[in-house]
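Close look at the chain arrangement
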Amino acid sequence: MARRALGPATLAVVRAVADAWRDPARDPAGSWLVGCSGGSDSLALAVGARLACDRAGAADRLGAVVVDHGLQHGSAEVAATVRDRLIGIGYRPQAVQVRRVVVEPAAIATRGLEGAARSARYTAYEQALGAIGGPAAGSEVLLGHTRDDQAETVLLGLVRGSGVRSLAGIAPRRGPYVRPLLELTRSTLRECCRENDLTWWEDPFNADDRYARVRVRHRVLPALEDAFGGTGSVTAALARTAALARTDADFLDALAEAAEEDAVRPPDDLDCAELAFLPEALRTRVVRRWLVRAGAREPGAVHVEAVCRLVTHWNGQKGIDVPGLRVVRRDGRVVVAGAEAATGEAVRDLPGDATGCDRRAGRQVPPGDGAASGV
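Let us look at the structure shown here.

Quick notes on the rules
Residues numbered from 1 in each chain as written. Predicted model: local features only at pLDDT ≥ 70, side-chain atom pairs only at ≥ 80, totals over all residues. Heavy atoms only, no water. Salt bridge = Lys/Arg side-chain N within 4 Å of Asp/Glu carboxyl O. Helix = DSSP H or I, 4+ residues; strand = E, 2+ residues; numbered from the N terminus. Buried < 20%, exposed > 50% of the residue type's maximum accessible area, 1.4 Å probe, protein only. Pairing = 2+ DSSP bridges. Contact = heavy atoms within 4.5 Å. Axes fitted to C-alpha atoms, helices over the stretch in contact; angles between N-to-C directions. Core = buried A, V, L, I, M, F, W, Y, C linked by side-chain atoms within 4.5 Å. Lys, Arg positive; Asp, Glu negative; His and termini not counted. Bend = angle between axes of the 7 residues up to and from the residue. Parallel < 35°, antiparallel > 145°, perpendicular 65-115°, else oblique. Left-handed = near helix turned anticlockwise from the far one by under 90°. Nonpolar A, V, L, I, M, F, W, Y, C, P; charged D, E, K, R; others polar. Right-handed = clockwise from strand over helix to strand, strands pointing away.

**Focus: the pattern of salt bridges**
For the structure shown, the criterion picks out 24 salt bridges. With a shortest N-O distance of 3.0 Å, aspartate 149 and arginine 186 are connected by a salt bridge. Residue aspartate 149 is located in helix 5 (residues 147-159), and its partner arginine 186 is located in helix 7 (residues 186-195); the two are separated by 37 residues in the primary sequence. Among the residues examined, aspartate 149 registers a relative accessible area of 3% and is labelled buried. Judged by its relative accessible area of 13%, arginine 186 falls in the buried class. The partner of arginine 186 in a salt bridge is glutamate 152, with the nearest N and O atoms 3.3 Å apart.

Structure follows, in structure tokens:
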């Protein structure tokens, strides 16, 4: 990409990406892959990453990955167009990977469309990272989530009655995944695309109000902005809430990890006496981490609470069925009794769970620019 004066939106994107490049948490020898769907957010990210790496003398350590979910007619053509666009921006052809994934119907039935597509997409990212050395070589994937995505995530967490971790929203950095644009708005990224004469792809799922995230995006947030202070103020406040909640959640998670050392007994059981003395905020975290490690499928707050009651309200219950396994109390310990069974106390999913599903209405969050078919 030739050097030229940058427009204000492009400059904002480049600065955000450059800050991520200078982040002490980044391996200075590592490479970057931009996850690009062709939507405005990920396309602007691709522009910013290309310019930032070029100016840092690291253009040879930048690539991109385009994931074709195969969920819509013509998805292969869209992926090919996105690849061509990335090459036009200045990406080396050999550094742009296109990966086709299969979103299994069984996974959609179990986890919802967004959850199933996200799982397939992140598997593709892991494979793409492996092709350039993987996280062990310091390689990372850049994703184009915005401040608007953050606000939507916080609102969805609020209406589901989620805990602090869900209200913490989208993490700027988690494992090999980096999201440098969380402080920029979707409108800024679209303006970045316009400044660079780039046409983005509009995912039709983003206009389908059968999905919860679309309703939040097009109905709820505009109504809140109109009622409480004008364009952008509510979105900014919700993003600020996420940052504050993340600080607290990270601290509590660290305490819970330390508490696990005393609460877990070989082979991998929970000691009821140790759990009983923990504050509830730590006990629930220890139990959830244990359930996930034992193979539970996305345990929600209701599942964690039910297992905790085996410790705090023990009345000789037969056991608790959570998605994927059955938990019982035995000889002063909470243990996994086997796969989920029909006996015991069944625990139903929350109306809206961590996969983004609104099960009461039979609805799912759409795979938009930051979900199933996006970044």
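**Some points on the pairing of strand 10 (residues 325-330)**
Summarising the sheet, strand 9 (residues 320-322) and strand 10 pair through three bridges and their orientation is antiparallel. Paired with aspartate 321 across the two strands is arginine 326, which belongs to strand 10. Taken together, strand 9 and the strand that follows it, strand 10, pair antiparallel across an intervening segment of two residues, in which glycine 324 is found at a positive phi of about 105°. Connecting strand 10 to the antiparallel partner strand 11 (residues 333-338) that follows it, the hairpin turn spans two residues, and aspartate 331 within it adopts a positive phi of roughly 55°.

**As for the sheet that holds strand 2 (residues 62-68)**
The strands making up a sheet are joined through hydrogen bonds of the backbone, oriented either antiparallel or parallel. In space, the six strands of this open sheet follow the order 3-2-1-4-6-5, with mixed pairing throughout. For this open sheet the edge positions go to strand 3 (96-100) and strand 5 (173-174), each flanked by a neighbour on one side alone. In this sheet, strand 6 (residues 177-178) lies alongside strand 5 in antiparallel orientation, the contact comprising two bridges. Residue pairing in the sheet places arginine 173 in a bridge with valine 178 of strand 6. Most of the contacts of helix 3 (residues 75-89) go to strand 2, to which it runs at about 165°, and overall it touches strand 2 and strand 3. Strands strand 1 (32-35), strand 2, strand 3, strand 4 (140-142) and strand 6 of the sheet are contacted by helix 4 (residues 105-130), whose axis makes an angle of about 145° with strand 2.

**As for the nonpolar core**
With 39 residues, the main nonpolar core has Val17, Val34, Leu86 and Tyr91 as its most contacted residues. Elements with a minimum of two residues in this core: helix 1 (8-21), strand 1, helix 2 (40-55), strand 2, helix 3 and helix 7. Tallying contributions element by element places helix 2 first for this core, with nine residues. Excluding residues that lie within four positions of it along the chain, leucine 86 makes contacts with Cys36, Ala46, Ala64, Val66, Tyr91 and Val96.

**Observations regarding the side chain of arginine 246**
Structurally, arginine 246 can be placed in helix 9 (residues 233-263). Although arginine 246 is buried, it forms no salt bridge, and the closest oppositely charged side chain is aspartate 250 at an N-O distance of 5.8 Å. For arginine 246, the residues in contact, after removing those within four places along its chain, are Gln150, Arg165, Ala168, Ile170, Ala171 and Pro172.

**A few points about helix 8 (residues 212-227)**
Valine 220 marks the point of greatest bend in helix 8, at about 30°, and the proline proline 222 comes within the next four residues. Buried residues of helix 8: Ala212, Arg213, Val214, Arg215, Val216, Arg217, Leu221 and Glu225, and no others. Directly after helix 8, the chain includes glycine 229, whose backbone phi takes a positive value near 120°.

**Examining the packing of helix 2 against helix 7**
Remark: helix 2 packs on helix 7, axes separated minimally by 8 Å, with the N-to-C direction vectors making an angle of 60°. On the basis of their axis angle, the class for helix 2 and helix 7 is oblique. Considering only the axes of helix 2 and helix 7, their crossing is left-handed. On helix 7, the residues touching Ser40, Asp41, Leu43, Ala44 and Val47 of helix 2 are Arg186, Leu189, Arg190, Cys192 and Cys193. For the contact of helix 2 with helix 7, the per-class residue count stands at six nonpolar, one polar and three charged.

**What about the pairing of strand 3?**
Looking at chain direction, strand 2 and strand 3 are connected through five bridges and run parallel. In the strand pairing of strand 3, valine 66 is matched with valine 98. With respect to chirality, the unit in which strand 2 leads through helix 3 into the neighbouring parallel strand 3 is right-handed.

By themselves these figures say nothing about function.
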